[in-house]
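# A closer look at the structure
Now for the letters of each chain:
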Amino acid sequence: MNWWGKLVGGAFGFMLGGPLGAVLGAALGHQLDSGFKSVMNDEAFGEGATERIQAAFFTSTFTMMGYLAKADGRVSEDEIQMARHVMQQMQLSDEQKHAAMNLFNEGKQPDFPVDEVLQQFRRECHRRTNLIRMFLEVMIGTAMADGELHANERKVLYRISDNLRFPRAVFEQLLSMVQGQQHYSSSQQGTYKVSIDDAYAVLGVSKSASDAEVKKAYRRLMSQHHPDKLVAKGLPEEMIDIAKEKTQEITAAYDDVKKSRGMR
């Protein structure tokens, strides 16, 4: 049984405590004190366990999407559609979609404990950097759902990355890469003219990089976004298609760069 099955099967109270447990409990219609501590002697739900991290990732993703959507003062239809798109990619059941939307709405509340939620999420991840990177990519995508990054949204993204102790310089690079990915993806769909600059941005390298540096960047990104590796580290299995889509974009961009350079 996966994390969701155990969650709704009665093990909810033992999977998460703290602010994450409180907002998840509210989304599922449970009453759970924010100071609740795990008391179940079951390794499946112990700190650092994969299924517990998956529950934390799911909860943090949709609450923070709601928080980000409200950052510029209003929740746009594009931002709501972005949340629905992520749900569609995850192929959520009706029950899971309902919980996800409730979490999205929890994140929009004026008293949402954003810093506490993010700090607990960081602790639950146990320094799984690639998992945190994937989470940040989803957050950046949410912020740019309407095609632009507003000043308040950028400020919130910095707040998120700082709480997760993600180095600012590395985050700026990640921000540029996700922006390139979004533009590159749109160009592939015919929305914009395909640009080799976007392909380089997807890989996080400049045109002046050597062939060896381009190849190294490609291999690093493929390893960071490898679906099976991410799931093993705590990415909810429902998000595997999102990770696969990332690897497909990275591969397509790499192929375009190789073609432009005449690389084999």
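Just so we're clear, the structure is a prediction, and the values are computed from it rather than from any experiment.

## Observations regarding the confidence of the model for the protein
Summary statistics for the protein give a mean pLDDT of 82 and a share of 86% for residues scoring 70 or more. Below a pLDDT of 50 lies the segment residues 31–43, which in the model reaches 17 contacts outside its immediate sequence neighbourhood of four places, other chains included.

## So, helix α4 (residues 77–90)
Compared with the 20 Å implied by 1.5 Å per residue over 14 residues, the 20 Å span of α4 between its first and last C-alpha is a close match. For α4, the full list of buried residues reads Glu79, Met82, Ala83, Val86, Met87, Gln89 and Met90. Summarising the axial view, the buried residues of α4 lie within an arc of 165°, below the 170-degree limit, and thus occupy one face. Contact partners of the buried residues in α4: α3 (50–69), α5 (94–107), α7 (129–143), α8 (151–163) and α13 (240–261). Positive backbone phi, at 55°, marks Gln91, one or two positions downstream of α4.

## Section: the nonpolar core
For soluble globular proteins, the rule of thumb is that nonpolar side chains tend to be buried together. Grouped together as the largest cluster of nonpolar side chains are 61 residues, with contacts concentrated most on Phe62 and Ile160. A per-element tally of this core places α3 first, with 11 residues. Ignoring anything within four residues of it in the chain, the contact list for Phe62 reads Ala83, Val86, Met87, Met90, Leu92, Ala100, Leu103 and Phe104. With 18 residues, the next largest nonpolar core counts Tyr200, Ala209, Val214 and Tyr218 among its residues.

## Remarks on the packing of α3 against α4
Taken N-terminus to C-terminus, the directions of α3 and α4 make an angle of 160°; their axes are 9 Å apart at the nearest point. Between α3 and α4, the angle is such that the two are roughly antiparallel. As for how α3 packs across α4, the hand of that crossing is right-handed. Contacts from Phe58, Phe62, Met65, Leu68 and Ala69 in α3 reach Glu79, Met82, Ala83, Val86, Met87 and Met90 in α4.

Definitions and cut-offs
- Residues numbered from 1 in each chain as written.
- Predicted model: local features only at pLDDT ≥ 70, side-chain atom pairs only at ≥ 80, totals over all residues.
- Heavy atoms only, no water.
- pLDDT = per-residue confidence, 0-100.
- Contact = heavy atoms within 4.5 Å.
- Helix = DSSP H or I, 4+ residues; strand = E, 2+ residues; numbered from the N terminus.
- Expected span 1.5 Å × (residues − 1).
- Buried < 20%, exposed > 50% of the residue type's maximum accessible area, 1.4 Å probe, protein only.
- Arc of directions from axis to C-beta.
- Core = buried A, V, L, I, M, F, W, Y, C linked by side-chain atoms within 4.5 Å.
- Axes fitted to C-alpha atoms, helices over the stretch in contact; angles between N-to-C directions.
- Parallel < 35°, antiparallel > 145°, perpendicular 65-115°, else oblique.
- Left-handed = near helix turned anticlockwise from the far one by under 90°.

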